[in-house]
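Chain by chain, the residues:
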Amino acid sequence: MANIKSQIKRIRTNEKAQIRNKSARSSIKTAIRRFRDAITSGDSKVIAAELRLASQELDTAVSKGVLHQNAAANKKSSMAKAANKAGVR
């Protein structure tokens, strides 16, 4: 354990941020998983809705600093490509 007061506080804030980031990453993974399930189902309305929700989750993660902007763009691009291949839009 640290002896310095500022380091003790830093440890506490890092733990809070770690929990918050873990939750955000989990919700991103869930949204992407739901999108992939929609792709396998083949319903275009569901695919479009899940694509929209997953994109919103990714954008939120970028704005909170959980995910890099380019990483989110790559994920959104690959999902849009899969949606187009499935016949959406």
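The paragraphs below set out a description of the structure included in this document. Bear in mind the structure is a predicted one, so any value in this text is a computation, not a measurement.

### What to know about the overall build of the protein chain
Point 1. For the protein chain, the helix and strand inventory stands at 3 helices and 0 strands.
Point 2. The C-alpha radius of gyration computed for the protein chain amounts to 17 Å, which surpasses the reference 12 Å derived for 89 residues by more than 25%, pointing to a less compact arrangement than a globule.
Point 3. Its C-alpha atoms give the protein chain principal-axis dimensions of roughly 60 × 20 × 15 Å.
Point 4. Taking all 89 residues of the protein chain together, the buried fraction comes to 19%.
Point 5. When the accessible surface of the protein chain is summed, it comes to about 6700 Å², and 50% of that surface belongs to carbon and sulfur atoms.

### A few points about the nonpolar core
Point 1. With 15 residues, the main nonpolar core has Ile 28, Phe 35, Ile 47, Leu 51, Leu 58, Met 79 and Ala 83 as its most contacted residues.
Point 2. At the level of secondary structure, the elements contributing two or more residues to this core comprise helix H1 (5-41), helix H2 (44-64) and helix H3 (69-85).
Point 3. Among all residues touching Leu 58, those that are not within four sequence positions of it are Ile 28, Leu 67, Ala 72, Lys 75, Lys 76 and Met 79.

### A closer look at H3
Point 1. An ideal rise of 1.5 Å per residue puts 24 Å on 17 residues; H3 measures up with 24 Å between its terminal C-alpha atoms.
Point 2. Among the residues making up H3, those that are buried are Ala 72, Met 79 and Ala 83. Burial along H3 is one-sided: seen end-on, the buried residues are contained in an arc of 45°. Along H3, exposed side chains directed more than 90 degrees from the buried face belong to Asn 74, Lys 81 and Lys 85.

### So, the pattern of salt bridges
Point 1. If you walk through the whole model with that rule in mind, you get 2 salt bridges.
Point 2. With a closest N to O distance of 3.1 Å, Arg 34 and Glu 50 form a salt bridge. Of this pair, Arg 34 sits in helix H1 while Glu 50 sits in helix H2; the two residues are 16 residues apart in sequence, bridging distant segments of the chain.
Point 3. Residues Asp 59 and Lys 76 are paired through a salt bridge, measuring 2.8 Å at the closest nitrogen-oxygen approach. Placement of the pair is Asp 59 in helix H2 and Lys 76 in helix H3, with a sequence separation of 17 residues.

### Some points on the side chain of Glu 50
Point 1. A relative accessible area of 10% places Glu 50 in the buried class.
Point 2. Of the polar contacts made by the side chain of Glu 50, one reaches the side chain of Arg 34; its length is 3.1 Å.
Point 3. If we skip the residues at most four places from it in the chain, Glu 50 touches Arg 34, Phe 35 and Ala 38.

### Some words on a positive patch on the surface
Point 1. Together, Lys 9, Arg 10, Arg 12, Lys 16, Arg 20 and Lys 64 line one region of the surface with positive charge.
Point 2. In terms of residue count, the dominant contributor to the positive patch is H1 (5 residues).
Point 3. Of note, Arg 12 is situated in helix H1.
Point 4. Overall, Arg 12 belongs to the partly exposed group, its relative accessible area being 49%.

Parameters and conventions
- Residues numbered from 1 in each chain as written.
- Predicted model: local features only at pLDDT ≥ 70, side-chain atom pairs only at ≥ 80, totals over all residues.
- Heavy atoms only, no water.
- Helix = DSSP H or I, 4+ residues; strand = E, 2+ residues; numbered from the N terminus.
- Rg over C-alpha atoms; globule rule 2.2 N^0.38 Å.
- Buried < 20%, exposed > 50% of the residue type's maximum accessible area, 1.4 Å probe, protein only.
- Areas by Shrake-Rupley, 256 points an atom, 1.4 Å probe, with all protein chains shown as cover.
- Core = buried A, V, L, I, M, F, W, Y, C linked by side-chain atoms within 4.5 Å.
- Contact = heavy atoms within 4.5 Å.
- Expected span 1.5 Å × (residues − 1).
- Arc of directions from axis to C-beta.
- Salt bridge = Lys/Arg side-chain N within 4 Å of Asp/Glu carboxyl O.
- Polar contact = N/O pair within 3.5 Å; in protein donor to acceptor, adjacent residues only side chain to side chain.
- Patch = residues over 30% accessible without salt bridge, like charges linked within 9 Å, V, L, I, M, F, W, Y side chains within 5 Å.
- Lys, Arg positive; Asp, Glu negative; His and termini not counted.
- Charge placed at Lys NZ, Arg CZ, Asp CG, Glu CD.

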